[in-house]
Amino acid sequence: MNRERWWPCELRGRSGELGIIENELRRVTEGHGSTVVVTGGAGIGKTRLLAEAKAMADRLGVRTGSVAAEPNESAVEMSALLSALFGGREPLLSRQDLPPPPQPNQRFWLLRDIEALLEKSALQAPLAVCVDDAHWVDAGTAAALRELPLRLRDVPVVWIIAARPTPQPTPIARTLDYLESRDLHRVGLGPLRTKAVAAIAAEILGAEPGRNVLALAKRAAGNPFLLVETLLGLQEEERI
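What you see as residue numbers is a count from 1 along each chain, following the sequence as written. Residues qualify for local features only when their pLDDT is at least 70, as the model is predicted, and side-chain atom pairs are given and counted only at 80 or more; totals for whole chains, interfaces and linings, by contrast, use all residues. Working from all heavy atoms in the structure, the side-chain values ignore hydrogens and water.

Sorry if this is basic, but what is going on with the packing of aromatic side chains here?
Given two aromatic rings, one states the distance between the centres and the angle between the planes to describe the pair. By convention, a stacked pair of Phe, Tyr or Trp rings (six-membered ring in the case of Trp) has centres within 6.5 Å and planes under 30 degrees apart, an edge-to-face pair has planes over 60 apart, and any other such pair is tilted. What the rule picks out here adds up to zero aromatic pairs. Any Lys NZ or Arg CZ found within 6 Å of a ring centre and within 35 degrees of that ring's normal is scored as a charge over the ring. Above the ring of tyrosine 178, the side-chain terminus of arginine 146 is found at 3.8 Å from the ring centroid.

Would you take a moment to explain the pattern of salt bridges for this structure?
Pairing is possible between side chains that carry opposite charge, provided their charged atoms lie close to one another. Each salt bridge in this description consists of a side-chain nitrogen of Lys or Arg and a carboxyl oxygen of Asp or Glu lying within 4 Å of one another. Counting across every chain of the model gives 10 salt bridges. The salt bridge partner of glutamate 52 is arginine 48, with a shortest N-O separation of 3.1 Å. Here glutamate 52 and its partner arginine 48 are both found in helix α2 (residues 46–59), four residues apart, which amounts to about one turn of the helix. A relative accessible area of 12% places arginine 48 in the buried class. Among the salt bridges present, the one from arginine 146 reaches glutamate 147, with a minimum N-O distance of 3.8 Å. Partly exposed describes any residue whose relative accessible area lies between the buried limit of under 20% and the exposed limit of over 50%, with all areas from a 1.4 Å probe on protein chains only and scaled to the type maximum. On the basis of relative accessible area, arginine 146 is assigned to the partly exposed category, the value being 30%. You can call glutamate 147 partly exposed: its relative accessible area is 29%. What you see here is one network of salt bridges that share partners, running through Glu115, Arg146, Glu147 and Arg151. Only DSSP runs of H or I reaching four residues or more are called helices, and only runs of E reaching two or more are called strands; each is numbered from the N terminus.

I'm lost on the side chain of aspartate 113 in this one. Help?
With respect to the helices, strands and loops of the structure, aspartate 113 is situated in helix α4 (residues 106–122). A residue is classified by how much of its surface remains accessible, and aspartate 113, at 12% relative accessible area, is buried. Dropping the residues within four chain positions of it, aspartate 113 is found in contact with Leu98 and Pro99. Here, two residues are considered to be in contact whenever any of their heavy atoms come within 4.5 Å of each other.

What's the story with the environment of aspartate 58 in this structure? I'm lost.
You can see aspartate 58 is positioned in helix α2. Under the relative-accessibility criterion, aspartate 58 is labelled exposed at 62%. Residues aspartate 58 and asparagine 23 lie 35 residues apart in sequence; the distance between their C-alpha atoms is 14 Å.

Help me out: how do you make sense of unusual backbone geometry in this one?
Leave glycine aside and you will find that most residues have negative phi; peptide bonds, for their part, are mostly trans. Unlike most non-glycine residues, methionine 78 shows phi in positive territory, near 60 degrees. Here methionine 78 shows up in the loop between β2 (63–68) and α3 (79–86). The backbone of aspartate 133 shows a phi angle near 50 degrees, a positive value even though the residue is not glycine.

Right, dumping it as C-alpha cells:
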C-alpha cells in the first residue's frame, strides 16, 4: 500500500467537530457569514477535516476556494489569500475583475477590491474560503483574514481556517485571537479515542485488530498521521 495515497474512506472520530462545520455551512446557505478556526498539532487531522468540509460544501451548493499555505511563500504579500480566491480549476473570483491597486497603499486598496468582489460573488451563490496550514501564511494574508471575515459577516461567506497553535505572537496568532474575541467558532482537534483508532486500524489491515495490534497502535497517542505510519510500518515489517 502506498502510504502517501492511503486515505480513510470515512472520517473517524470527528463527528462533533464536523457537525460544527456542517452547521456553519448550512447557515451560509441561508445567507449568513461565518468563521471557523480549526486548531491542533501536526498530524492531528486538520487537513483531513478540511477535505471533508469541502466535500460537504460541494453537496450543499457552496462554492469553495482553498489553499494550503507554504512556509517558503511567507515573504510574498497576500500570496496565500490570492491563491485561495483566484487559484484552482474553478476560482471563486476572476483576476480580470481585479483592478490594479494605486500606490502607495496597495494592501488597503487590494483588500477593498477583494471585499467588493467577494460580496458580489457571494450574493450570487454562497462561498467557502478554506485556508490550511495558516500558521505559515504571510503577514498580508493574516491581516486580510483579520479584516475580511468581519467586514463580510452579513454576506454568505464562511471562512474555514486551520492552523497549529503558535506559542509566539505571530501575525496569524494575533488574527485568530482577535477573531475569537468576535465570536468565531473554534474547533480544537485532540487525540482520537480508542474506538476511532480501532476503526482506522481495521480499515487499513482489512480485519479487526487484536489486543497486540491495538497495544502497538497506542504508540501513536491518538495522532491519526502517526497511527497510519505505525500500522503501515508494521505491515511492511510483516509484524501483523
